[in-house]
Amino acid sequence: MSTAGRWAVVWCCASLTVGGCAIRLVSEYDEATDRGVTQLQSDVASQLAQLKDLIDPQTGKPKHPDCEFDKFSGAYSRLAASAHVLVVRNEARQKNTLTTEQLKLLESSIGEELVTVHRESDDKCMNAGAIQVVSDALDQNFRAILKLELAKKLYRGEG
Amino acid sequence: MALNVKSLAAAMLGAAQGKLQEHWPEVREYAETETRKTADTLASIERLLLAGQINSKQAKALLRMQRNSAQSVLLTIEGLGLLTVESAINAALGAVRDTVNGAVGFALL
């Protein structure tokens, strides 16, 4: 191999990574994020289950005043704060734009859209249909975040 | 020892293709499943609005929430694509590691 050829290979390799040639196009798997997102999903599911429990099975209508927005606004703030903690942690990780953006979308869905759906209801309560749509939409977001985080481990043969 | 570019390329291509074929069906299945779920949710929002079970402000917020989720799914698909490319590149480099390291005389790869 010519000297120029050797240096071309060295340059090529060094440009991919320093120390070995396993390149990384996205961040490493982060167990704290995995656990944090799973915990947040559990907390959100629990909150939505509480709302579902307030639907009267006979009439299908939410029970007042327990179903009203004011009774849940504090819980929504805490859920949004948990999402924000995950955003900040993930902003500090290298090559992690995708997960950070996903968490910002989740924070917006919880802290803004969920709050709006509940607060803007004509009777200040969410009905069963609205709760189901919220649950489906948020589950999809959680699933997307976890799918990518776990893939960082599985695609690299670490899981 | 002179490296044989043709055989190196063949080994790298074979290893890369293996990784692409391994991961692509999973990405496609995920994309198809989530696209169906997005369509279901959009249909539910329309149904609730038409039935008067939600008002327009709620419908708009639910649509924004669903849009966020759909965007998150696309980000996952982008990430899975990058991870697939990453594993294909690493497999390609791994396939020629011994040959290249032997030729340059030190552990380059």
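Criteria and thresholds
Residues numbered from 1 in each chain as written. Chains lettered and ligands numbered in written order. Predicted model: local features only at pLDDT ≥ 70, side-chain atom pairs only at ≥ 80, totals over all residues. Helix = DSSP H or I, 4+ residues; strand = E, 2+ residues; numbered from the N terminus. Buried ≥ 20, exposed ≤ 12 C-beta atoms within 10 Å, placed from the backbone. Contact = placed C-beta atoms within 7 Å. Rg over C-alpha atoms; globule rule 2.2 N^0.38 Å. pLDDT = per-residue confidence, 0-100. Axes fitted to C-alpha atoms, helices over the stretch in contact; angles between N-to-C directions. Parallel < 35°, antiparallel > 145°, perpendicular 65-115°, else oblique. Expected span 1.5 Å × (residues − 1). Bend = angle between axes of the 7 residues up to and from the residue. Nonpolar A, V, L, I, M, F, W, Y, C, P; charged D, E, K, R; others polar. Core = buried A, V, L, I, M, F, W, Y, C linked by C-beta atoms within 7 Å. Left-handed = near helix turned anticlockwise from the far one by under 90°.

1. With respect to the overall build of chain A
Helix and strand counts for chain A come out as 5 helices and 0 strands. Residue burial in chain A is summarised as follows: out of 159 residues, 31% are buried. Put simply, of all contacts in chain A between residues at least 6 apart along the chain, 74% involve residues at least 24 apart.

2. Some words on the overall build of chain B
Scanning chain B for helices and strands turns up 3 helices and 0 strands. Starting at the N terminus, the α and β elements of chain B follow one another as α-α-α. Relative to the globule expectation of 13 Å for 109 residues, the C-alpha radius of gyration of chain B, 23 Å, shows a markedly less compact shape. Partitioning the contacts of chain B with sequence separation of at least 6, the portion at a separation of at least 24 is 77%.

3. Focus: the confidence of the model for chain B
For residues with low pLDDT, the predicted coordinates do not support detailed interpretation. Residue and element names in this part refer to chain B. Mean pLDDT over chain B works out to 91, with 99% of the residues at or above the 70 mark. Ranking the helices and strands of chain B by mean pLDDT puts helix H2 (residues 56-95) first, with 95, and helix H3 (residues 97-104) last, with 86. As scored by the predictor, the complex reaches a pTM of 0.88 and an ipTM of 0.87.

4. Here we look at the packing of helix H1 (residues 5-50) of chain B against H2(B)
Axis separation between H1(B) and H2(B) bottoms out at 8 Å; the angle between their running directions is 175 degrees. Here H2(B) runs roughly antiparallel to H1(B), going by the angle between their axes.

5. Re the environment of B:Arg28
Locating B:Arg28 in the fold gives a position in helix H1. Sequence separation of B:Arg28 and B:Leu108 is 80 residues, and the distance between their C-alpha atoms is 36 Å.

6. Looking at helix H4 (residues 97-119) of chain A
Helix length check: H4(A) (23 residues) gives 32 Å between terminal C-alpha atoms against 33 Å at 1.5 Å per residue, within 8%. Of all bends in H4(A), the biggest is about 35 degrees, found at A:Ser109.

7. Re the interface of chain B and chain A
Listed by partner, the interface residues are 43 residues for chain B and 40 residues for chain A. Listing elements by their share of the side of chain B that touches chain A, those giving two or more residues are H1, H2 and H3 of chain B. Broken down by element, the residue count for the side of chain B that touches chain A peaks at 25 residues, all from H2(B). Looking at the side of chain B that touches chain A residue by residue, the class counts come to 22 nonpolar, 15 polar and 6 charged.

8. A closer look at the nonpolar core
By size, the foremost hydrophobic cluster in this structure holds 42 residues, and its most contacted members are A:Ala83, A:Val117, A:Ala130, A:Val133, A:Val134, A:Ile145 and B:Leu62. Elements represented by at least two residues in this core include exactly helix H2 (31-53), helix H3 (73-91), H4 and helix H5 (128-154) of chain A together with H1 and H2 of chain B. Per element, the largest residue contribution to this core is 11 residues, and it comes from H5(A). Residues within four places of A:Val133 in sequence aside, it is in contact with B:Thr41, B:Ser44, B:Ile45, B:Leu48 and B:Leu62.

9. Looking at unusual backbone geometry
All names here are of chain A. In this chain, His64 is followed by Pro65 through a cis amide linkage whose omega measures 0 degrees. Along the polypeptide, Pro65 turns up in the loop between H2 and H3. If you check the backbone angles, Lys95 has positive phi at about 50 degrees while not being a glycine. Position of Lys95 among the secondary structure elements: in the loop between H3 and H4. When the 12 C-beta atoms within 10 Å are taken as the criterion, Lys95 is described as exposed.

10. Here's the deal with the packing of H4(A) against H5(A)
Residues and elements named next belong to chain A. Packing of H4 against H5 brings their axes to within 10 Å, and their N-to-C directions diverge by 170 degrees. Compared by their axis directions, H4 and H5 come out roughly antiparallel. Crossing of H4 against H5: the hand is left-handed. Facing Leu98, Thr99, Gln102, Leu103, Leu105, Leu106, Ser109, Leu114 and Val117 of H4, the residues of H5 in contact are Ala130, Val134, Ala137, Leu138, Asn141, Ala144, Ile145, Leu148 and Glu149. Looking at the contact of H4 with H5 residue by residue, the class counts come to 13 nonpolar, 4 polar and 1 charged.

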